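A structural walkthrough
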Amino acid sequence: MNQATIDFIREHAEADVRQLALQGTKNPEVNLTFALEQIAGRQKAKTKLPTWAATDGIIYPPHLSMEQCSSEQTARYKANIAGKGALMVDLTAGYGVDMAFVSPNYRRAIHVEQQASLCAISSENFKLLGLNHIEVVCADGVDYLHQLDHADLIFLDPARRDDHGARTYGIADCTPNVLELRDELLQKADRVMLKLSPMLDWRKAVEDLGHVNEVHIVSVDNECKELLLILSKEKKPLKLFCVNNNQVFEGDQGDWLNERSIAEIRVPVPMSSQAYLFEPNASIMKAGCFALLEQRFKVAQVDKNSHLFVSDSDISDFPGRRFLIEKTTSMNKRELKAALAGIDKANITVRNFPMSVAELRKRLKLKEGGDLYLFATTIAGHQHQLFLCRKIE
């Protein structure tokens, strides 16, 4: 990275990368391919890795590695649950974001990555960040595991793409296959942390792997990003953590293994007094612990398949969005006309409902937006119901 390339990157830091690629540069000393990669990487890092974006000199990887790496927010969460000790080893280290945030908990860290280019980038970045306790090893993670003596923590983020670049989700379909390595991992580490696809069925993952002590379903801004499993040889009751930004909802093995039957609401929500509607966050939806929500927050599901909850009082610490119900209506034309009088736009959500958002919006002739929220769902008795609400901030 010569001075001409550095100057080009700084001069065009906020430019449209596609336009820059078309325009090119007249300066033959500028490594244009590398420069465009760095400009695009830093622009993405502004939201994904803000601390790194604000650090002059950080080197960014090719687009795919930048897309696949953890965000700063999820990496910091891993650091909070990773424990402390003498040695941690990341066997699938990639660009090194998780390593950079988790490794300060350990006196020594080994970053194992088989792509030499990523190893070179990570080595430079770790020096710049003052992470001098990290040893970068360019090797295959499984080969390194075989010759490893012992670590306090082993971290793995198996690749979720096959040889043709298609996405895979099952544990056995990822590389490396953690199911085949499980016994060796548990023999050589006190704790093993796995980062898996949020598309995975966490209950099946727990069943397949065994030895799982903790499940962490991690969302950012209500989008499910990661499924984290912590394993050890020590037998402990399973704990489940549903995380959205800084909000954590925790349950133990008894809570989710012995979920009681869901009690349905058998009458419409009374509108003679104030009523509230609650929508669980993405991690709760992924976990499926709906009976636990009912028990803990004294709310009731409108139907066992709708996953919307109601109460006659506000619950400020509910793990999700909260709404004040202003009106309810069936899909009866006369009721709809009365309920929607004077309303020309709304934010629509459908849950366990026979129409899509687009179809319902067309049917109701409502534009998108505004501060009114409309939930279309099915309540007990297989009755279709609309809830018109105002969001509680």
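That block above? That's the structure.
This report concerns the structure included in the present document. Predicted, not measured: the structure shown is a model, and the values here were computed from it.

What to know about the overall build of the protein
- For the protein, the helix and strand inventory stands at 16 helices and 16 strands.
- Principal-axis analysis of the C-alpha atoms gives the protein an extent of 70 × 60 × 35 Å.
- Across the 393 residues in the protein, those meeting the buried criterion constitute 50%.
- In the protein, the share of contacts with a sequence separation of at least 24, taken over all contacts with a separation of at least 6, comes to 64%.
- With the model as given, the accessible surface of the protein reaches about 19600 Å², and the carbon-plus-sulfur share is 48%.

Considerations on the sheet that holds strand E4 (residues 151-156)
- Pairing is mixed in the open sheet, where 9 strands are placed in the order E3-E2-E1-E4-E5-E7-E6-E8-E9. Across the chains shown, the open sheet's two edge strands, defined by having one partner strand only, are strand E3 (134-138) and strand E9 (247-252). Each strand axis lies, on average, 15° off the axis of its neighbour in the sheet, ignoring direction.
- Sheet analysis places strand E1 (residues 85-90) next to E4, joined by 3 bridges and oriented parallel. Among the inter-strand pairings, Met 88 is bridged to a residue of E4, identified as Leu 153.
- Packed onto the sheet, helix H6 (residues 72-81) meets E4, strand E5 (189-196), strand E6 (212-220), strand E7 (223-231) and strand E8 (239-244) and runs at close to 25° relative to E7.
- Where helix H10 (residues 178-188) meets the sheet, it contacts E4, E5 and E7, and its direction lies at approximately 150° from that of E5.

So, the side chain of Thr 74
- Of note, Thr 74 is situated in helix H6.
- Looking at Thr 74, its side chain comes within polar contact range of the side chain of Ser 71, at 3.1 Å.
- Reaching out from Thr 74, the side chain makes a polar contact with the side chain of Glu 226 at a distance of 3.2 Å.
- For Thr 74, the residues in contact, after removing those within four places along its chain, are Val 218, Val 220, Lys 225 and Glu 226.

Quick notes on unusual backbone geometry
- Of note, the amide linkage connecting Thr 175 to Pro 176 takes the cis form, showing an omega dihedral of 0°.
- Secondary-structure assignment places Pro 176 in the loop between E4 and H10.
- The backbone of Asn 352 shows a phi angle near 55°, a positive value even though the residue is not glycine.
- With respect to the element layout, Asn 352 can be found in the loop between strand E14 (347-351) and helix H16 (357-364).
- Here Asn 352 falls in the partly exposed class, since its relative accessible area comes to 32%.

Points about the sheet that holds strand E13 (residues 320-329)
- One open sheet accounts for 7 strands, arranged E11-E12-E10-E13-E16-E15-E14; its pairing is mixed. Pairing within the sheet leaves two strands with one partner each, and these edge strands are strand E11 (300-301) and E14.
- Its contacts with the sheet put H16 on E14, strand E15 (372-379) and strand E16 (383-392), and the angle it makes with E14 is roughly 125°.

Things to note about the pairing of E9
- Here E8 runs beside E9; their pairing, made up of 6 bridges, is antiparallel. Note on E9: the bridge partner recorded for Lys 239 is Asp 252.
- Between E8 and E9, which pair antiparallel one after the other, the connecting turn spans 2 residues, and Asn 245 there sits at a positive phi close to 55°.

So, the packing of helix H1 (residues 3-11) against helix H3 (residues 32-48)
- It is at 9 Å that the axes of H1 and H3 come closest, and there the two elements cross at 35°. Handedness of the H1/H3 crossing: right-handed. Contacts between H1 and H3 involve Thr 5, Phe 8 and Ile 9 from the former and Leu 32, Phe 34, Ala 35, Gln 38 and Ile 39 from the latter.
- Looking at the contact of H1 with H3 residue by residue, the classes come out as 6 nonpolar, 2 polar and no charged.

So, the packing of aromatic side chains
- Scanning the model with the defined rule gives 9 aromatic pairs in all.
- Relative to Phe 309, the ring of Phe 290 has its centre 6.4 Å away and its plane inclined at 35°; by these criteria the two rings are tilted. One end of the pair, Phe 290, is in helix H14 (residues 290-297); the other, Phe 309, is in strand E12 (residues 309-311), and 19 residues separate them in sequence. Per residue, the accessibility class of Phe 290 equals that of Phe 309, and both read buried.
- Connected via pairs of aromatic rings, a cluster forms that spans Phe 249, Phe 278, Phe 290, Phe 297, Phe 309 and Phe 318.

Quick notes on H14
- Most of H14 is tucked away: 6 of the 8 residues are buried.
- For H14, the full list of buried residues reads Phe 290, Ala 291, Leu 292, Leu 293, Glu 294 and Phe 297.

Reading the values: rules and limits
- Residues numbered from 1 in each chain as written.
- Predicted model: local features only at pLDDT ≥ 70, side-chain atom pairs only at ≥ 80, totals over all residues.
- Heavy atoms only, no water.
- Helix = DSSP H or I, 4+ residues; strand = E, 2+ residues; numbered from the N terminus.
- Buried < 20%, exposed > 50% of the residue type's maximum accessible area, 1.4 Å probe, protein only.
- Contact = heavy atoms within 4.5 Å.
- Areas by Shrake-Rupley, 256 points an atom, 1.4 Å probe, with all protein chains shown as cover.
- Pairing = 2+ DSSP bridges.
- Axes fitted to C-alpha atoms, helices over the stretch in contact; angles between N-to-C directions.
- Polar contact = N/O pair within 3.5 Å; in protein donor to acceptor, adjacent residues only side chain to side chain.
- Left-handed = near helix turned anticlockwise from the far one by under 90°.
- Nonpolar A, V, L, I, M, F, W, Y, C, P; charged D, E, K, R; others polar.
- Phe/Tyr/Trp six-rings, centres within 6.5 Å; stacked < 30°, edge-to-face > 60°.

Geometric values such as these leave the question of function open.
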